[in-house]
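Now for the letters of each chain:
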Amino acid sequence: YGGMGLDFSYNIAVAEELGNIRCGGIPLAIGVQIGMSTPALTRFGSDELKKQFLAPTIAGDFVASLGISEVGTGSDVASIKTTAERKGDEYIINGGKMWVTSGSQADWMCLLANTSKGPPHRNKSLICLPMNLPGIHITKKIDKLGMRSSDTTQIIFENVRVPSKNLIGEEGMGFTYQMLQFQEERLWGVATVLTVLENTIQETIDYTRQREAFGRPVLHNQAVHFRLAELATEVELLRSLLYRTLALYLEGNDVTKLASMAKLKAGRLAREVTDSCLQFWGGMGFSSEVLVSRFYRDFRLMSIGGGTDETMLSIICKYMETLPKK
(Lines give C-alpha, C1' and ligand atoms only; values in the text may rest on other atoms or scores of the structure.)
Protein backbone atom coordinates (compact mmCIF):
# COMPACT_ATOMS: atom_id res chain seq x y z
CA TYR A 1 0.00 0.00 0.00
CA GLY A 2 2.98 2.30 -0.54
CA GLY A 3 4.90 1.66 2.67
CA MET A 4 8.41 0.21 2.94
CA GLY A 5 7.50 -2.90 4.95
CA LEU A 6 10.08 -2.24 7.66
CA ASP A 7 9.86 -3.36 11.28
CA PHE A 8 9.01 -1.08 14.20
CA SER A 9 12.65 -0.26 15.00
CA TYR A 10 12.63 2.05 11.97
CA ASN A 11 9.68 3.96 13.45
CA ILE A 12 11.77 4.54 16.56
CA ALA A 13 14.74 5.74 14.48
CA VAL A 14 12.47 8.19 12.66
CA ALA A 15 10.91 9.33 15.93
CA GLU A 16 14.34 10.10 17.41
CA GLU A 17 15.30 12.15 14.35
CA LEU A 18 12.01 14.07 14.43
CA GLY A 19 13.06 15.21 17.91
CA ASN A 20 15.47 17.57 16.13
CA ILE A 21 12.51 19.63 14.90
CA ARG A 22 12.41 22.71 17.09
CA CYS A 23 8.87 22.20 18.32
CA GLY A 24 6.71 19.34 19.56
CA GLY A 25 3.64 19.88 17.41
CA ILE A 26 5.03 18.60 14.11
CA PRO A 27 6.39 15.28 15.46
CA LEU A 28 3.08 14.89 17.30
CA ALA A 29 1.05 15.29 14.10
CA ILE A 30 3.32 12.89 12.20
CA GLY A 31 3.08 10.40 15.05
CA VAL A 32 -0.71 10.49 14.93
CA GLN A 33 -0.59 9.95 11.17
CA ILE A 34 1.73 6.95 11.11
CA GLY A 35 1.49 5.44 14.58
CA MET A 36 -1.97 6.10 16.00
CA SER A 37 -4.57 6.46 13.23
CA THR A 38 -3.33 3.73 10.91
CA PRO A 39 -1.98 0.65 12.79
CA ALA A 40 -5.37 -1.00 13.36
CA LEU A 41 -6.34 -0.40 9.73
CA THR A 42 -3.00 -1.86 8.61
CA ARG A 43 -3.37 -4.98 10.77
CA PHE A 44 -7.08 -5.71 10.59
CA GLY A 45 -8.68 -3.65 7.81
CA SER A 46 -10.05 -5.08 4.57
CA ASP A 47 -8.11 -4.71 1.34
CA GLU A 48 -10.79 -2.31 0.10
CA LEU A 49 -10.44 -0.09 3.19
CA LYS A 50 -6.67 -0.09 2.92
CA LYS A 51 -6.83 1.05 -0.69
CA GLN A 52 -9.38 3.74 0.16
CA PHE A 53 -7.78 5.13 3.34
CA LEU A 54 -4.35 3.64 4.09
CA ALA A 55 -2.64 4.05 0.71
CA PRO A 56 -3.39 7.79 0.35
CA THR A 57 -2.44 8.33 4.01
CA ILE A 58 0.95 6.68 3.49
CA ALA A 59 1.39 8.75 0.30
CA GLY A 60 0.69 11.92 2.25
CA ASP A 61 -2.40 12.76 0.21
CA PHE A 62 -4.72 12.21 3.20
CA VAL A 63 -4.42 13.59 6.71
CA ALA A 64 -5.61 11.08 9.31
CA SER A 65 -6.91 11.64 12.83
CA LEU A 66 -7.79 9.43 15.79
CA GLY A 67 -11.11 9.71 17.61
CA ILE A 68 -10.81 8.12 21.06
CA SER A 69 -11.00 10.68 23.89
CA GLU A 70 -14.25 12.46 24.73
CA VAL A 71 -15.23 15.44 26.88
CA GLY A 72 -15.62 13.29 30.00
CA THR A 73 -13.30 10.46 28.99
CA GLY A 74 -9.54 10.51 28.40
CA SER A 75 -7.31 7.69 29.59
CA ASP A 76 -10.39 5.62 30.58
CA VAL A 77 -11.07 4.40 27.05
CA ALA A 78 -13.68 1.85 28.13
CA SER A 79 -16.10 4.58 29.27
CA ILE A 80 -16.56 6.40 25.94
CA LYS A 81 -20.15 7.31 25.07
CA THR A 82 -20.14 7.82 21.28
CA THR A 83 -22.39 5.29 19.54
CA ALA A 84 -22.47 3.74 16.07
CA GLU A 85 -25.83 2.04 15.62
CA ARG A 86 -26.10 -0.52 12.82
CA LYS A 87 -29.04 0.03 10.48
CA GLY A 88 -29.00 -2.01 7.31
CA ASP A 89 -25.69 -1.49 5.53
CA GLU A 90 -24.84 1.67 7.48
CA TYR A 91 -23.73 2.81 10.92
CA ILE A 92 -25.42 5.91 12.34
CA ILE A 93 -22.96 7.75 14.57
CA ASN A 94 -23.89 10.10 17.41
CA GLY A 95 -21.73 11.65 20.11
CA GLY A 96 -18.48 13.55 20.03
CA LYS A 97 -14.71 13.42 20.36
CA MET A 98 -12.30 15.73 22.16
CA TRP A 99 -8.57 16.46 21.83
CA VAL A 100 -8.52 15.32 18.19
CA THR A 101 -5.06 16.02 16.80
CA SER A 102 -5.21 17.36 13.20
CA GLY A 103 -9.00 17.28 13.56
CA SER A 104 -9.77 20.43 11.59
CA GLN A 105 -7.76 19.30 8.55
CA ALA A 106 -8.26 15.53 8.65
CA ASP A 107 -9.62 13.71 5.61
CA TRP A 108 -10.67 10.73 7.73
CA MET A 109 -10.82 9.59 11.33
CA CYS A 110 -10.14 6.22 12.91
CA LEU A 111 -13.16 6.36 15.19
CA LEU A 112 -13.78 4.26 18.29
CA ALA A 113 -17.50 3.96 19.06
CA ASN A 114 -19.90 1.71 20.94
CA THR A 115 -21.59 -0.61 18.46
CA SER A 116 -23.60 -2.60 21.01
CA LYS A 117 -24.77 -2.47 24.62
CA GLY A 118 -22.53 -5.31 25.78
CA PRO A 119 -19.63 -5.25 28.28
CA PRO A 120 -17.49 -2.08 27.86
CA HIS A 121 -14.41 -3.97 26.70
CA ARG A 122 -16.31 -5.96 24.06
CA ASN A 123 -18.89 -3.52 22.70
CA LYS A 124 -16.62 -1.12 20.80
CA SER A 125 -15.54 -1.02 17.19
CA LEU A 126 -13.13 0.98 15.05
CA ILE A 127 -14.56 2.63 11.95
CA CYS A 128 -12.93 4.55 9.09
CA LEU A 129 -14.93 7.77 9.07
CA PRO A 130 -14.59 10.21 6.13
CA MET A 131 -14.62 13.71 7.63
CA ASN A 132 -16.67 15.31 4.83
CA LEU A 133 -19.94 13.56 5.71
CA PRO A 134 -23.09 15.47 6.73
CA GLY A 135 -23.55 15.73 10.49
CA ILE A 136 -19.86 16.15 11.39
CA HIS A 137 -19.32 19.46 13.18
CA ILE A 138 -15.90 20.80 14.17
CA THR A 139 -16.99 22.98 17.08
CA LYS A 140 -13.69 24.64 17.93
CA LYS A 141 -9.93 24.55 17.68
CA ILE A 142 -8.60 24.29 21.23
CA ASP A 143 -6.19 26.97 22.46
CA LYS A 144 -3.44 24.98 24.17
CA LEU A 145 -0.52 25.66 26.51
CA GLY A 146 1.89 24.01 24.08
CA MET A 147 1.95 21.99 20.85
CA ARG A 148 0.46 25.12 19.31
CA SER A 149 1.50 24.28 15.73
CA SER A 150 -0.62 21.12 15.90
CA ASP A 151 -4.33 21.83 15.65
CA THR A 152 -6.48 20.09 18.27
CA THR A 153 -10.25 20.09 17.96
CA GLN A 154 -13.54 19.09 19.49
CA ILE A 155 -15.86 17.32 17.04
CA ILE A 156 -19.60 16.54 17.32
CA PHE A 157 -21.42 13.79 15.40
CA GLU A 158 -25.16 14.14 14.67
CA ASN A 159 -26.70 11.16 12.87
CA VAL A 160 -23.62 10.67 10.70
CA ARG A 161 -24.17 7.83 8.24
CA VAL A 162 -21.17 5.74 7.23
CA PRO A 163 -21.15 2.47 5.25
CA SER A 164 -20.89 -0.62 7.47
CA LYS A 165 -18.06 -1.86 5.21
CA ASN A 166 -15.92 0.89 6.82
CA LEU A 167 -15.67 -1.27 9.95
CA ILE A 168 -12.05 -2.17 10.74
CA GLY A 169 -11.75 -5.90 11.46
CA GLU A 170 -14.47 -7.45 13.61
CA GLU A 171 -17.32 -5.67 15.35
CA GLY A 172 -16.79 -5.50 19.10
CA MET A 173 -12.99 -5.78 18.84
CA GLY A 174 -12.25 -2.05 18.76
CA PHE A 175 -11.09 -1.78 22.37
CA THR A 176 -8.70 -4.70 21.92
CA TYR A 177 -7.31 -3.29 18.66
CA GLN A 178 -6.75 0.06 20.36
CA MET A 179 -4.97 -1.51 23.34
CA LEU A 180 -2.64 -3.44 21.00
CA GLN A 181 -1.28 -0.26 19.46
CA PHE A 182 -0.92 1.71 22.69
CA GLN A 183 2.51 0.20 23.36
CA GLU A 184 3.83 1.38 20.00
CA GLU A 185 2.31 4.83 20.58
CA ARG A 186 4.03 5.12 23.93
CA LEU A 187 7.41 3.97 22.66
CA TRP A 188 7.15 6.49 19.81
CA GLY A 189 6.53 9.25 22.37
CA VAL A 190 9.57 8.20 24.40
CA ALA A 191 11.75 8.23 21.28
CA THR A 192 10.66 11.70 20.20
CA VAL A 193 11.39 13.17 23.62
CA LEU A 194 14.91 11.67 23.88
CA THR A 195 16.44 13.95 21.27
CA VAL A 196 14.49 16.92 22.59
CA LEU A 197 15.95 16.48 26.06
CA GLU A 198 19.48 16.03 24.71
CA ASN A 199 19.15 19.21 22.67
CA THR A 200 17.69 21.12 25.61
CA ILE A 201 20.62 20.15 27.81
CA GLN A 202 23.18 20.99 25.12
CA GLU A 203 21.67 24.40 24.37
CA THR A 204 21.62 25.12 28.09
CA ILE A 205 25.32 24.22 28.31
CA ASP A 206 26.10 26.53 25.38
CA TYR A 207 24.12 29.40 26.89
CA THR A 208 25.43 29.10 30.44
CA ARG A 209 29.00 28.84 29.14
CA GLN A 210 28.78 32.26 27.46
CA ARG A 211 26.39 33.95 29.94
CA GLU A 212 28.28 35.56 32.80
CA ALA A 213 27.04 36.38 36.30
CA PHE A 214 29.16 37.77 39.11
CA GLY A 215 32.29 37.76 36.96
CA ARG A 216 32.25 34.18 35.65
CA PRO A 217 30.21 31.95 33.34
CA VAL A 218 27.00 30.59 34.89
CA LEU A 219 28.14 27.09 33.85
CA HIS A 220 31.12 27.31 36.22
CA ASN A 221 28.80 27.12 39.21
CA GLN A 222 28.89 23.57 40.55
CA ALA A 223 25.12 23.61 41.09
CA VAL A 224 24.73 24.14 37.34
CA HIS A 225 27.24 21.72 35.81
CA PHE A 226 26.48 18.99 38.35
CA ARG A 227 22.75 19.30 37.70
CA LEU A 228 23.24 19.09 33.92
CA ALA A 229 25.38 15.98 34.41
CA GLU A 230 22.59 14.38 36.46
CA LEU A 231 20.00 15.19 33.80
CA ALA A 232 22.20 13.82 31.00
CA THR A 233 22.59 10.59 32.97
CA GLU A 234 18.81 10.28 33.37
CA VAL A 235 18.33 10.73 29.62
CA GLU A 236 20.82 7.93 28.90
CA LEU A 237 19.01 5.63 31.34
CA LEU A 238 15.74 6.36 29.55
CA ARG A 239 17.40 5.57 26.20
CA SER A 240 18.59 2.21 27.53
CA LEU A 241 15.08 1.34 28.76
CA LEU A 242 13.61 2.29 25.38
CA TYR A 243 16.11 0.17 23.43
CA ARG A 244 15.67 -2.83 25.74
CA THR A 245 11.88 -2.61 25.44
CA LEU A 246 12.11 -2.25 21.67
CA ALA A 247 14.37 -5.32 21.35
CA LEU A 248 11.95 -7.42 23.39
CA TYR A 249 8.99 -6.12 21.37
CA LEU A 250 10.65 -7.03 18.06
CA GLU A 251 11.11 -10.58 19.41
CA GLY A 252 7.34 -10.82 19.93
CA ASN A 253 7.18 -10.27 23.69
CA ASP A 254 4.46 -8.44 25.64
CA VAL A 255 6.19 -5.19 26.64
CA THR A 256 3.19 -3.49 28.24
CA LYS A 257 4.91 -3.16 31.61
CA LEU A 258 8.23 -1.85 30.26
CA ALA A 259 6.57 0.47 27.73
CA SER A 260 4.43 1.92 30.51
CA MET A 261 7.55 2.41 32.64
CA ALA A 262 9.32 4.16 29.75
CA LYS A 263 6.31 6.39 29.06
CA LEU A 264 6.04 7.30 32.76
CA LYS A 265 9.73 8.13 32.99
CA ALA A 266 9.72 10.10 29.73
CA GLY A 267 6.85 12.30 30.89
CA ARG A 268 8.43 13.01 34.25
CA LEU A 269 11.90 13.54 32.82
CA ALA A 270 10.55 15.92 30.17
CA ARG A 271 9.17 18.05 32.98
CA GLU A 272 12.33 17.77 35.09
CA VAL A 273 14.82 18.57 32.31
CA THR A 274 12.90 21.48 30.79
CA ASP A 275 12.13 22.98 34.20
CA SER A 276 15.72 22.71 35.46
CA CYS A 277 17.22 24.02 32.23
CA LEU A 278 14.76 26.90 31.96
CA GLN A 279 15.87 28.00 35.43
CA PHE A 280 19.49 28.26 34.25
CA TRP A 281 18.41 30.54 31.39
CA GLY A 282 17.11 33.05 33.93
CA GLY A 283 14.80 35.76 32.62
CA MET A 284 15.55 34.74 29.02
CA GLY A 285 14.11 31.31 29.77
CA PHE A 286 10.78 32.92 30.67
CA SER A 287 10.54 34.49 27.20
CA SER A 288 9.13 32.92 24.06
CA GLU A 289 12.36 33.63 22.16
CA VAL A 290 14.27 30.53 23.26
CA LEU A 291 13.82 26.83 22.61
CA VAL A 292 13.75 25.77 26.25
CA SER A 293 10.57 27.75 26.95
CA ARG A 294 8.82 26.14 23.99
CA PHE A 295 9.88 22.64 25.03
CA TYR A 296 8.79 23.44 28.60
CA ARG A 297 5.27 24.06 27.23
CA ASP A 298 5.14 21.47 24.45
CA PHE A 299 6.40 18.44 26.35
CA ARG A 300 4.27 18.93 29.42
CA LEU A 301 1.87 16.86 27.33
CA MET A 302 4.07 13.75 27.73
CA SER A 303 2.64 13.10 31.20
CA ILE A 304 -0.95 13.46 29.91
CA GLY A 305 -1.35 12.37 26.28
CA GLY A 306 -1.38 8.68 25.35
CA GLY A 307 -2.22 7.75 28.93
CA THR A 308 -1.51 9.83 32.02
CA ASP A 309 1.31 9.16 34.48
CA GLU A 310 -1.30 7.82 36.88
CA THR A 311 -2.63 5.40 34.25
CA MET A 312 0.93 4.20 33.58
CA LEU A 313 1.40 3.61 37.31
CA SER A 314 -1.83 1.59 37.46
CA ILE A 315 -0.69 -0.57 34.52
CA ILE A 316 2.71 -1.15 36.12
CA CYS A 317 1.07 -2.06 39.43
CA LYS A 318 -1.25 -4.47 37.63
CA TYR A 319 1.75 -6.30 36.15
CA MET A 320 3.48 -6.23 39.55
CA GLU A 321 0.29 -7.70 41.06
CA THR A 322 0.10 -4.87 43.61
CA LEU A 323 -3.01 -3.16 42.25
CA PRO A 324 -6.02 -3.60 44.58
CA LYS A 325 -8.84 -5.66 43.09
CA LYS A 326 -12.07 -3.86 42.26
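Residue numbers run consecutively from 1 along every chain, following the written order of its sequence. Local features in this predicted model are restricted to residues whose pLDDT is 70 or higher, and side-chain atom pairs enter the listing and the counts only when it is 80 or higher, whereas totals over whole chains, interfaces and linings include all residues. Computation of side-chain values covers all heavy atoms of the structure but excludes hydrogens and water.

## So, the overall build of the protein chain
Here is step 1 of the chain: By the criteria applied, helices consist of DSSP H or I runs no shorter than four residues and strands consist of E runs no shorter than two, each listed in order from the N terminus. Looking only at helices and strands, one finds nine helices and ten strands in the protein chain.
Here is step 2 of the chain: For a compact globule of 326 residues, the expected C-alpha radius of gyration is about 20 Å, and the protein chain comes in at 21 Å, within 12% of that figure.
Here is step 3 of the chain: Overall, the protein chain is about 80 × 40 × 40 Å in size when its C-alpha atoms are taken along their principal axes.
Here is step 4 of the chain: Burial classes: relative accessible area under 20% of the type maximum marks a residue as buried, over 50% as exposed, and values in between as partly exposed (1.4 Å probe, protein chains only). The proportion of buried residues among the 326 residues of the protein chain is 50%. Only the C-alpha atoms count toward the radius of gyration. The rule for a globule is 2.2 Å times the residue count to the power 0.38.

## Details of empty space enclosed by the protein
Here is step 1 of the chain: Site definitions follow a grid-based scheme: protein atoms alone, a 1 Å grid, a 1.4 Å probe that fits but cannot get out for cavities, and for pockets an open set with protein on both sides within 12 Å along at least five of seven lines, plus lining residues having an atom within 4 Å of a point. Grid points are joined across faces, edges and corners, and a volume is the space filled by probe spheres set on the points. Applying the stated criterion across every chain yields a total of two cavities of 30 Å³ or more.
Here is step 2 of the chain: Of the volumes computed, that of the largest cavity is approximately 40 Å³.
Here is step 3 of the chain: The set of elements that each furnish at least two residues to the lining of the largest cavity consists of α5 (174–210) and α8 (291–298).
Here is step 4 of the chain: The element best represented in the lining of the largest cavity is α5, accounting for four residues.
Here is step 5 of the chain: Lining the second largest cavity, in full, are Phe8, Asn11, Gly35, Glu184, Glu185 and Trp188.
Here is step 6 of the chain: Those elements giving two or more residues to the lining of the second largest cavity turn out to be α1 (8–18) and α5.
Here is step 7 of the chain: Element by element, the count of residues in the lining of the second largest cavity is highest for α5, at three residues.
Here is step 8 of the chain: Under this grouping Gly is polar, as are all residues other than the nonpolar Ala, Val, Leu, Ile, Met, Phe, Trp, Tyr, Cys and Pro and the charged Asp, Glu, Lys and Arg. Of the residues contributing to the lining of the second largest cavity, the split by class is two nonpolar, two polar and two charged.

## A short note on the nonpolar core
Here is step 1 of the chain: One finds Leu41, Ile168, Val193, Ile201, Leu228 and Phe299 to be the most contacted residues of the largest nonpolar core, which totals 65 residues.
Here is step 2 of the chain: With 14 residues, α5 is the largest single contributor of residues to this core.
Here is step 3 of the chain: Three or more residues apiece are contributed to this core by two domains, here domain 1 (19–172) and domain 2 (176–320).
Here is step 4 of the chain: Other than its neighbours up to four places away in sequence, Phe299 contacts Gly24, Met147, Val193, Val196 and Ala270.
Here is step 5 of the chain: Counting 17 residues, the second-largest nonpolar core is a separate cluster that includes Tyr91, Ile93, Val100 and Leu129. To qualify as a nonpolar core, a set must consist of buried Ala, Val, Leu, Ile, Met, Phe, Trp, Tyr and Cys residues joined through side-chain atoms within 4.5 Å. Note that the domain bounds were set by an automatic or database domain assignment. What makes two residues a contact is simply this: any of their non-hydrogen atoms within 4.5 Å.

## Overview of the state of the cysteines
Here is step 1 of the chain: Sulfur atoms of two cysteines make up a disulfide when they are within 2.5 Å. Scanning the entire structure with this criterion turns up zero disulfides.
Here is step 2 of the chain: For Cys128, which is in no disulfide, the shortest distance to another cysteine sulfur is to Cys110 and amounts to 6.2 Å.
Here is step 3 of the chain: The class of Cys128 is buried, set by a relative accessible area of 0%.

## Considerations on the UniProt feature "domain: Acyl-CoA dehydrogenase/oxidase C-terminal" (unreviewed entry) in the protein chain
Here is step 1 of the chain: UniProt positions are given in the numbering used here, feature names are shortened, and annotations may be inferred rather than shown by experiment. When the UniProt feature table is mapped to this numbering, "domain: Acyl-CoA dehydrogenase/oxidase C-terminal" (unreviewed entry) covers residues 172–318.
Here is step 2 of the chain: In residues 172–318, the share of helix is 74% and the share of strand is 3%. The end C-alpha atoms are 24 Å apart.

## Structural notes on the domain arrangement of the protein chain
Here is step 1 of the chain: When its domains are assigned, the protein chain resolves into domain 1 (19–172) and domain 2 (176–320).
Here is step 2 of the chain: Relative placement of domain 1 and domain 2: their C-alpha centres are 28 Å apart.
Here is step 3 of the chain: Facing the 30 residues of domain 1 at the interface are 25 residues of domain 2.
Here is step 4 of the chain: Salt bridges, as used here, are contacts in which a Lys or Arg side-chain nitrogen is within 4 Å of a carboxyl oxygen on Asp or Glu. On the surface where domain 1 and domain 2 come into contact, there are two salt bridges.
Here is step 5 of the chain: For the salt bridge of Arg22 with Glu203, the shortest nitrogen-to-oxygen distance reads 2.8 Å.
Here is step 6 of the chain: A 3.5 Å cut-off defines polar contacts: any pair of N or O atoms within that distance qualifies, except that in protein one atom must be a possible hydrogen donor and the other a possible acceptor, and neighbouring residues in sequence count only when both atoms are side-chain atoms. Seen at the junction of domain 1 and domain 2, the total is ten residue pairs in polar contact (both at pLDDT 80 or more).
Here is step 7 of the chain: Of all elements in the fold, only α2 (25–36) and α3 (39–44) reach the threshold of two or more residues within the side of domain 1 that touches domain 2.
Here is step 8 of the chain: With eight residues, α2 is the single largest residue contributor to the side of domain 1 that touches domain 2.

## Remarks on the UniProt feature "domain: Acyl-CoA dehydrogenase/oxidase N-terminal" (unreviewed entry) in the protein chain
Here is step 1 of the chain: On the UniProt side, "domain: Acyl-CoA dehydrogenase/oxidase N-terminal" (unreviewed entry) is annotated at positions that read residues 1–61 here.
Here is step 2 of the chain: Summarising residues 1–61: 69% helix, 0% strand, and an end-to-end C-alpha distance of 13 Å.

## Focus on helix α7 (residues 256–280)
Working note: α-helix, 3.6 residues per turn, so residues spaced by three or four point in the same direction.
Here is step 1 of the chain: Any helix carries an expected span of 1.5 Å times its number of residues minus one. For α7, built from 25 residues, the straight-helix expectation of 36 Å at 1.5 Å per residue is met to within 8% by its first-to-last C-alpha distance of 36 Å.
Here is step 2 of the chain: Once α7 finishes, Gly282 follows within two positions and takes phi at roughly 65 degrees, a positive value.

## Considering the side chain of Thr195
Here is step 1 of the chain: Residue position: Thr195 is located in helix α5.
Here is step 2 of the chain: For Thr195, a relative accessible area of 8% corresponds to the buried category.
Here is step 3 of the chain: For Thr195, the residues in contact, after removing those within four places along its chain, are Glu16, Gly19 and Asn20.

## Some remarks on the environment of Arg211
Here is step 1 of the chain: Relative to the helices and strands, Arg211 resides in the loop between α5 and β9 (212–213).
Here is step 2 of the chain: With eleven residues separating them along the chain, Arg211 and Gln222 place their C-alpha atoms 15 Å apart.
Here is step 3 of the chain: Apart from residues no more than four positions distant in its own chain, Arg211 is found in contact with Arg216, Pro217 and Val218.

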